[in-house]
Amino acid sequence: GRHAHASASASPPPSLTSAGAMKEKHTPASCRGGGGGGVRCVVALLLAALVLSGDVAGATSFNYKDALTKSILFLEAQRSGKLPPDNRIKWRGDSGMEDGKLAHVDLTGGYYDAGDNVKYGLPLAFTVTTLAWAALAFKPELQAAGELKHVQEAIRWGTDYILKCAAKKNHMWVQVGDPNLDHQCWVRPENMPTPRTLYQIDGNTPGTEIAAETAAALAASAMVFRNDKNYARRLMNKAKLLYQFAKSHLKTYDGECPFYCSYSGYNDELLWAATWLFMATKRQVYADFITHEAISSSVAEFSWDLKYPGAQILLAPHNMNASGGMQSYKTQADNFVCAVLPDTPFHQVFITPGGMIHLRDGANSQYVTGTAFLFLVYADWLDTARQDVMCGATPIKPARLREFAKQQMDYLLGANPRGRSYVVGFGSNPPTQPHHRGASTPVLKPGTVVNCGMSFGDWFAPDRPNPNELTGAIMGGPDGADNFIDKRNASACTEPCTYINSLAIGALAALAGRGPNLVASKSHGYDQM
């Protein structure tokens, strides 16, 4: 989930296996509520049967354009630094304005990842990479919804900050804020008294994952900003340097533990970075690494920690084999689909009775939105190439991927056993108590001194709706039994994260801008890349 977890990894079918050991940042392990009675369970089971049979999912429709617009607003609520004059989140103000001062550098800007006030490098970069991919793959739909500009602004808010962090060669500032001290104070970022400790990687303490993920973010973003030649060139040059740094200094950086530990290692990030550099430049040097040196494997998860399926889906059209030459990237992309879909012989991922992917408690929604996004992108290419997913000898049509992607997104929007929305400010009975400091504390005057000891009793503990609506935030989500507690202290359920939303934006754009079958109006997406 968010923070410490073990990645679900898998060898190719039929022996897909999953590692499930995990530690959680907070104590509540599930979203189980007390009581319930038998009748409600029967109704839930009936609805779950309908959802799984496709009847509800097929007929379900939501105001996807509204969901798309709001999902982008959440990212704006996560901004750190000096907010622009056209800031749309009225309860947010400038924050972290002295970030970097301890080292006499300017590290203002960027994003808070979730409900606290720390800026973590790895999830921030992954948020930017996935936003850029959405802007490339679903450009016509985002344009039609009038949201392309907002998505590009969200990307640039991240890349402007990354350029500051990576100003020096073979060096990068990777985190601002001491998480342990930050977690002892429940305060909005505008008024935080907690130290803005700085963390860095360099030649002596390298961090392959963060350097490579940041290279991927900059390369993908350079493609988005192609028309701004100077800016795109800055992003591209920095991406190449960070990729070289990641490759020449191979080591996991554990300074973000236990909050963002890389459980899957750095091979996926190296492949992911090389893939985006290849997409952006088409240079043979990256193709050579991808086919001869990179390590790739079939897994059942796409997340801030594990990027293999994303790279495999990007590489499937390029007719490349993974190193060793035994398997094509197309086969590995297929293996991901086969591990997720409940109706294949190689099904591995747990699906709740109500029909939602559930890998682990805590930011589980990232697996829901991420899978929906990948399935839609892959289905577009499969259509263009007139190909199917092969699960052993069983062909799976692109239409099945789209149907499953829609069902996953619809679940979060309200087509679930509880009949409620898991997106703040959207749909039926949306959550009112996101685990989020800025949203749950009142707007205070700048300079107000906050007593950290009192802050939890004042603003965290009271069982009442947050004073500020965190519009568009997709919650961590229900547990494996479809249970959800709308309480601030149930962080596994109610904590939002930037990457849950960045992964939702492409899928919501497709749902908003295409017909109910989600087929692209013309071949696109891959053409623009």
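Rules used in this analysis
- Residues numbered from 1 in each chain as written.
- Predicted model: local features only at pLDDT ≥ 70, side-chain atom pairs only at ≥ 80, totals over all residues.
- Heavy atoms only, no water.
- Helix = DSSP H or I, 4+ residues; strand = E, 2+ residues; numbered from the N terminus.
- Buried < 20%, exposed > 50% of the residue type's maximum accessible area, 1.4 Å probe, protein only.
- Contact = heavy atoms within 4.5 Å.
- Areas by Shrake-Rupley, 256 points an atom, 1.4 Å probe, with all protein chains shown as cover.
- Axes fitted to C-alpha atoms, helices over the stretch in contact; angles between N-to-C directions.
- Parallel < 35°, antiparallel > 145°, perpendicular 65-115°, else oblique.
- Left-handed = near helix turned anticlockwise from the far one by under 90°.
- pLDDT = per-residue confidence, 0-100.
- Disulfide = S-S within 2.5 Å.
- Expected span 1.5 Å × (residues − 1).
- Phe/Tyr/Trp six-rings, centres within 6.5 Å; stacked < 30°, edge-to-face > 60°.
- Bend = angle between axes of the 7 residues up to and from the residue.
- Core = buried A, V, L, I, M, F, W, Y, C linked by side-chain atoms within 4.5 Å.
- Pairing = 2+ DSSP bridges.
- Polar contact = N/O pair within 3.5 Å; in protein donor to acceptor, adjacent residues only side chain to side chain.
- Salt bridge = Lys/Arg side-chain N within 4 Å of Asp/Glu carboxyl O.

A.B. asks: Go over the overall build of the chain, please, and point to the residues and values.
C.D. replies: The secondary structure content of the chain amounts to 19 helices and five strands. Counting every position in the chain, which comprises 529 residues, the buried fraction comes to 63%. A separation threshold of at least 6 residues defines the contact pool for the chain, and within that pool the share at least 24 residues apart is 75%. Element-wise, carbon and sulfur atoms account for 55% of the exposed surface of the chain, whose accessible area totals about 18700 Å².

A.B. asks: I'd love a proper account of unusual backbone geometry, names of residues and values included.
C.D. replies: What you tend to see is this: most non-glycine residues have negative phi, and most peptide bonds are trans. Across the junction of C257 and P258, the peptide omega takes the value 0°, indicating a cis bond. The topology assignment puts P258 in the loop between α9 (229-248) and α10 (267-281). For A363, which is not glycine, the phi dihedral falls at a positive 55°. When its relative accessible area of 2% is taken as the criterion, A363 is described as buried. The backbone phi angle of L518 is positive, close to 65°, even though this residue is not glycine. Locating L518 in the fold gives a position in the segment after α19 (498-513).

A.B. asks: Describe the packing of α9 against helix α11 (residues 284-293), and please don't skip the residues or the numbers.
C.D. replies: As a packed pair, α9 and α11 sit with axes 14 Å apart at the nearest point and diverge in direction by 30°. Accordingly, the angle class assigned to the pair α9 and α11 is roughly parallel. Note on packing geometry: the crossing formed by α9 with α11 is left-handed. Together, K240, Y243 and K247 of α9 and Y286, F289 and E293 of α11 make up the contact between the two elements.

A.B. asks: Break down the confidence of the model for the chain for me, with residues and values.
C.D. replies: Per-residue pLDDT for the chain averages 89, and the proportion of residues at 70 or more is 87%. Of the regions scoring below 50 in pLDDT, residues 3-29 engages in 89 contacts with residues more than four places distant in sequence or in other chains. Every residue in residues 32-58 is under pLDDT 50, and counting partners more than four places away or in other chains gives 24 contacts.

A.B. asks: Can you explain the state of the cysteines? Please cite residues and give values.
C.D. replies: Two cysteines, two sulfur atoms, one covalent bond between them: this is a disulfide. One pass over the full model with this rule turns up three disulfides. Each sulfur of the disulfide joining C185 and C452 lies 2.1 Å from the other. Looking along the S-S bond of the C185-C452 disulfide, the torsion reads about -85°, which is the left-handed sense. With C185 in the loop between α7 (179-182) and β3 (198-202) and C452 in helix α17 (residues 452-460), the pair connects residues that are 267 residues apart, well separated along the chain. Across a sulfur-sulfur distance of 2.2 Å, C257 and C261 are joined as a disulfide pair.

A.B. asks: Outline helix α15 (residues 398-413), supporting the account with residue identities and numerical values.
C.D. replies: Counted at 1.5 Å a residue, the expected span for α15 with its 16 residues is 22 Å, and the 23 Å between its end C-alpha atoms agrees. The buried fraction of α15 is high, at 14 of 16 residues. Following α15 by one or two positions, G414 adopts a phi angle in the positive range, close to 145°.

A.B. asks: Quick one: what's the story with the packing of aromatic side chains, residue by residue and with numbers?
C.D. replies: Scanning all chains against the criterion turns up 23 aromatic pairs. Consider the rings of W133 and F373, whose centres lie 5.1 Å apart with planes at 90°: the pair is edge-to-face. Pair noted here: W133 is in helix α4 (residues 121-137) and F373 is in helix α14 (residues 365-385), with a separation of 240 residues, a long-range link. Neither W133 nor F373 differs from the other in exposure class; each is buried. The interplanar angle of 40° and the centroid separation of 5.7 Å between the aromatic rings of F375 and F404 together place this pair among those described as tilted. One end of the pair, F375, is in helix α14; the other, F404, is in helix α15, with 29 residues separating them in the sequence.

A.B. asks: Account for α19, naming residues and giving values.
C.D. replies: Over its 16 residues, α19 extends 23 Å from the first C-alpha to the last, a length consistent with the 22 Å expected when each residue adds 1.5 Å. Its maximal kink placed at I505, α19 deviates by approximately 35°. Burial analysis of α19 places 14 of its 16 residues in the buried class, the great majority of the element.

A.B. asks: I'd like a description of the nonpolar core, backed by residues and values.
C.D. replies: Counting residues in each nonpolar core, the largest one holds 159 residues, and the members touching the most others are W133, W276 and Y378. Core analysis: the next-biggest nonpolar cluster, separate from the first, contains nine residues, Y112, L444, W459 and F460 among them.

A.B. asks: If you had to explain the pairing of β3 to someone new, which residues and values would you point to?
C.D. replies: In terms of burial, β3 is largely enclosed, as four of its five residues are buried. The pairing of strand β2 (residues 171-176) with β3 spans five bridges and is antiparallel. Residue pairing in the sheet places W173 in a bridge with Q200 of β3.

A.B. asks: Can you lay out the sheet that holds strand β1 (residues 119-120) for me, pointing to particular residues and giving the numbers?
C.D. replies: Judged by pairing direction, the sheet is antiparallel, and its three strands sit side by side in the order β1-β2-β3 without closing on themselves. Bordering the open sheet on either side are β1 and β3, each of which pairs with just one other strand. Against the sheet, helix α6 (residues 148-165) engages β1 and β2, with an angle of about 120° to β2.

A.B. asks: I'd like to hear about the side chain of H436, residue by residue, with values.
C.D. replies: Mapped onto the elements of the fold, H436 is located in the loop between α15 and α16 (437-440). A polar contact of 3.4 Å, which involves the side chain of H436, links it to the backbone nitrogen of G438. Ignoring anything within four residues of it in the chain, the contact list for H436 reads Q78, W91, A114, G115, W186, L470 and P496.

A.B. asks: Let's hear about the environment of L124: which residues, and what values?
C.D. replies: Mapping L124 onto the fold places it in helix α4. For L124, a relative accessible area of 5% corresponds to the buried category. C-alpha of L124 to C-alpha of W304: the two residues are 180 residues apart in sequence and 9.1 Å apart in space. Ignoring sequence-local partners within four residues, the contact set of L124 consists of G110, Y111, G158, Y161 and I162.

A.B. asks: Pulling in residues and values, what's your account of the pattern of salt bridges?
C.D. replies: Opposite charge on two side chains permits them to pair, given that their charged atoms come into close proximity. This structure, assessed with the given rule, holds 26 salt bridges. In this structure, the salt-bridge partner of K101 is E98, at a minimum N-O distance of 3.4 Å. Comparing K101 with E98, the two get one shared label, exposed. Notably, a salt bridge pairs E301 with R360, separated by 3.2 Å at the nearest N-O pair. Taken together, the positions of E301 in the loop between α11 and α12 (308-315) and R360 in the loop between α13 (329-340) and α14 put the pair 59 residues apart, joining distant regions of the chain. You'll find E301 and R360 in the same group, each marked buried. Because the salt bridges share partners, they merge into one network encompassing E141, D380, D383, R402 and R514.

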